[in-house]
Amino acid sequence: MVRDLCITIPSFFRCPISFDVMTSPVSLCTGVTYDRASIQRWLDSGNNTCPATMQVLHTKEFVPNRTLQRLIQIWSESVLHNRRVDSGANSVPSRDEVESIVKGLRSSNREAKRIVEVLSKILCFAKESEENREFLASREDLVPMLIGFLADTESVSDIELIEELVRILDIILPKIGGRKKELMTLLLKKRNDDKDNSNGLYSLLFILQQGKSLDSRIGSIRVLEAVAVDAESKLIISETDGLLPELTKSICLESDPCLIEAALSCLIAISMSKRVKTKLVHLKTVTELRKLLKSVNMSVSITEKAMKVLEMVTSCGEGREEMCKDEECVEAVVEKMLKVTAGTTEHAVTVLWSVCYLFRDRRAQEVVTRMNGLTKILLLMQSNCSPAVRQMAADLLKIFRVNSKSCLSSYDTKTTHIMPF
């Protein structure tokens, strides 16, 4: 919570009851937003009115105000950043100073508070420019040292240290190039005590579960994706206890869009084996993907990635069965098939081919027919789609047994072009 007489707090960030900045804003049926703890105390005291308007509440249920919560978080982080700048803590060091800092970090006594101070300077340097990030990535000792700190489970109790490590790795790893396999090996290296949770993956999981800032949670997911360089590393990541459930939790509709997109990208990277896809089915990933596809507020990028994950999940029998139970999911795929990007279209056709042609599910076929999906498939075949998509579309048309009584009875098979309007 922000309490500073020198800081001007936007009035709509304050709870109407406590007048403090809201940490968990929720809205009543009257449309007024309060901090969850304050309004809960009000209602628990036997009141049945809205404190601000004094209207009688026809329901005491409230809805989380995710948009306002995100705005408050961005504002709070901005205030914290400005404080650091004003205090000189984030003044950008030179390359020579960074060289000295890294040497000092290597020889330090690894006191958590001291390491965080040093890391904040390295992070400030990295954020300054592309050249600075390339300079840090070119140092063969820096990233292995950071991963060494990350894999040290004695540091898990200090969440601030791990978050700072994740922020730096997130910004440097894209510049590492061919060394990612080596770094993955370091990330998985266990300490001498050989505990099950004694490698860096569990530190990343710890941030996903308990990270205080959104950027560190997003960063931990991107680090996971960056080191998923081959089949072995993808399998190890996906089978780390707790990671898949946290990634699935991150793609829920209520999450921040940046977190959703990062989690979807990571799932695409690691969900290669049938065993992983089956686990995703059991984690109700199909339901979460359906919610994303049906939402009108999702970005083009999120929609395409959600459709890609659904394609991967429905490539296994359990995934196809789960999707066919959910008519709304089939509807969402047909709805988005020609409306987003070429990539989304290809993924959507593959999903429909899996459930309608390969799986021959009557329920899915009926939904496609009801949603005018056959006409969309015909339009797709007249477009400049890839040979693979064209073949799947042709397969779909075959199984719908087009005849004189179908919705396509008036379609002229000699037509060479269909205008999509």
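- If you look the chain up in an unreviewed UniProt entry, it shows as U-box domain-containing protein from Erythroxylum novogranatense.
- Under the heading Pathway (unreviewed entry), UniProt records this for the chain: "Protein modification; protein ubiquitination."
- In its Catalytic activity (unreviewed entry) section, the UniProt record describing the chain reads: "S-ubiquitinyl-[E2 ubiquitin-conjugating enzyme]-L-cysteine + [acceptor protein]-L-lysine = [E2 ubiquitin-conjugating enzyme]-L-cysteine + N(6)-ubiquitinyl-[acceptor protein]-L-lysine."

## Overview of the overall build of the chain
Inference 1: Across its full length, the chain carries 22 helices and three strands.
Inference 2: Looking at the chain as a whole, 48% of its 421 residues are labelled buried.
Inference 3: Of all intrachain contacts in the chain linking residues separated by at least 6 positions in sequence, the fraction that spans at least 24 positions is 65%.
Inference 4: When the accessible surface of the chain is split by element, carbon and sulfur atoms take 51% of a total near 21,100 Å².

## Focus on the side chain of Arg139
Inference 1: Here Arg139 shows up in the loop between helix H5 (130-138) and helix H6 (142-150).
Inference 2: In terms of polar contacts, Arg139 uses its side chain to reach the side chain of Asp141, at 2.9 Å.

## Examining the environment of Glu134
Inference 1: As for its placement among the helices and strands, Glu134 is situated in helix H5.
Inference 2: When the C-alpha atoms of Glu134 and Leu173 are compared, they prove to be 9.7 Å apart, with 39 residues separating the residues in sequence.

## Quick look at unusual backbone geometry
Inference 1: Phi angles above zero are rare outside glycine, and Met54 is one such case at about 65°.
Inference 2: Relative to the elements of secondary structure, Met54 occurs in the loop between helix H1 (36-44) and strand S3 (63-64).
Inference 3: Here Asn372, not a glycine, exhibits a phi torsion of approximately 60°, which is positive.
Inference 4: Here Asn372 lies in the loop between helix H20 (362-370) and helix H21 (373-381).
Inference 5: Judged by its relative accessible area of 41%, Asn372 falls in the partly exposed class.

## Considerations on the sheet that holds strand S2 (residues 33-35)
Inference 1: One open sheet holds the three strands; their spatial order is S2-S1-S3, and the pairing between them is antiparallel. The sheet is open, and its two edges are formed by S2 and S3, each paired on a single side.
Inference 2: Docked against the sheet, H1 engages strand S1 (25-27), S2 and S3, running at close to 95° with respect to S2.

## What about the pattern of salt bridges?
Inference 1: Following the criterion strictly, the structure yields 22 salt bridges and no others.
Inference 2: Between Arg167 and Glu164 there is a salt bridge, and its shortest N-O distance comes to 2.7 Å. Of this pair, Arg167 and Glu164 both sit in helix H7 (residues 159-172), three residues apart, which is roughly one turn of that helix. Glu164 matches Arg167 in its accessibility class, with the two residues each being buried.
Inference 3: With a closest N to O distance of 3.6 Å, Glu321 and Arg363 form a salt bridge. With Glu321 in helix H17 (residues 317-324) and Arg363 in helix H20, this residue pair connects regions lying 42 residues apart in the sequence.
Inference 4: For Arg363, a relative accessible area of 34% puts it in the partly exposed group.
Inference 5: A cluster of three or more residues bridged by salt bridges with shared partners is formed by Glu163, Glu164, Arg167 and Asp215.

## So, the environment of Ile159
Inference 1: With respect to the secondary-structure elements, Ile159 resides in helix H7.
Inference 2: Its relative accessible area of 11% is what places Ile159 among the buried residues.
Inference 3: Put simply, Ile159 and Lys212 are 53 residues apart on the chain and 8.0 Å apart in space, counted from C-alpha to C-alpha.
Inference 4: What Ile159 contacts, discounting residues up to four positions off in sequence, is Phe206, Ile207, Gln210, Gly211 and Lys212.

## Some details on helix H18 (residues 327-336)
Inference 1: Along H18, the residues that are buried comprise Cys329, Val330, Ala332, Val333, Val334 and Lys336.
Inference 2: Looking at the buried positions of H18, the neighbouring elements they touch are helix H15 (285-294), helix H16 (300-313), H17, helix H19 (342-358), H20 and H21.

## Re the environment of Lys60
Inference 1: By the element assignment, Lys60 lies in the loop between H1 and S3.
Inference 2: Through-space distance from the C-alpha of Lys60 to that of Ile39 is 9.9 Å; in sequence the pair is 21 residues apart.

## Some points on the packing of helix H12 (residues 243-250) against helix H13 (residues 257-270)
Inference 1: Between H12 and H13, whose axes approach to 8 Å, the crossing angle comes to 140°. Compared by their axis directions, H12 and H13 come out oblique. Pair H12 / H13 crosses with left-handed handedness. On the side of H12, the interface is formed by Leu244, Leu247 and Ser250, while H13 contributes Leu259, Ile260, Ala263, Cys266, Leu267 and Ile270.

Thresholds applied
- Residues numbered from 1 in each chain as written.
- Predicted model: local features only at pLDDT ≥ 70, side-chain atom pairs only at ≥ 80, totals over all residues.
- Heavy atoms only, no water.
- UniProt positions renumbered as here; feature names shortened; annotations may be inferred.
- Helix = DSSP H or I, 4+ residues; strand = E, 2+ residues; numbered from the N terminus.
- Buried < 20%, exposed > 50% of the residue type's maximum accessible area, 1.4 Å probe, protein only.
- Contact = heavy atoms within 4.5 Å.
- Areas by Shrake-Rupley, 256 points an atom, 1.4 Å probe, with all protein chains shown as cover.
- Polar contact = N/O pair within 3.5 Å; in protein donor to acceptor, adjacent residues only side chain to side chain.
- Pairing = 2+ DSSP bridges.
- Axes fitted to C-alpha atoms, helices over the stretch in contact; angles between N-to-C directions.
- Salt bridge = Lys/Arg side-chain N within 4 Å of Asp/Glu carboxyl O.
- Parallel < 35°, antiparallel > 145°, perpendicular 65-115°, else oblique.
- Left-handed = near helix turned anticlockwise from the far one by under 90°.

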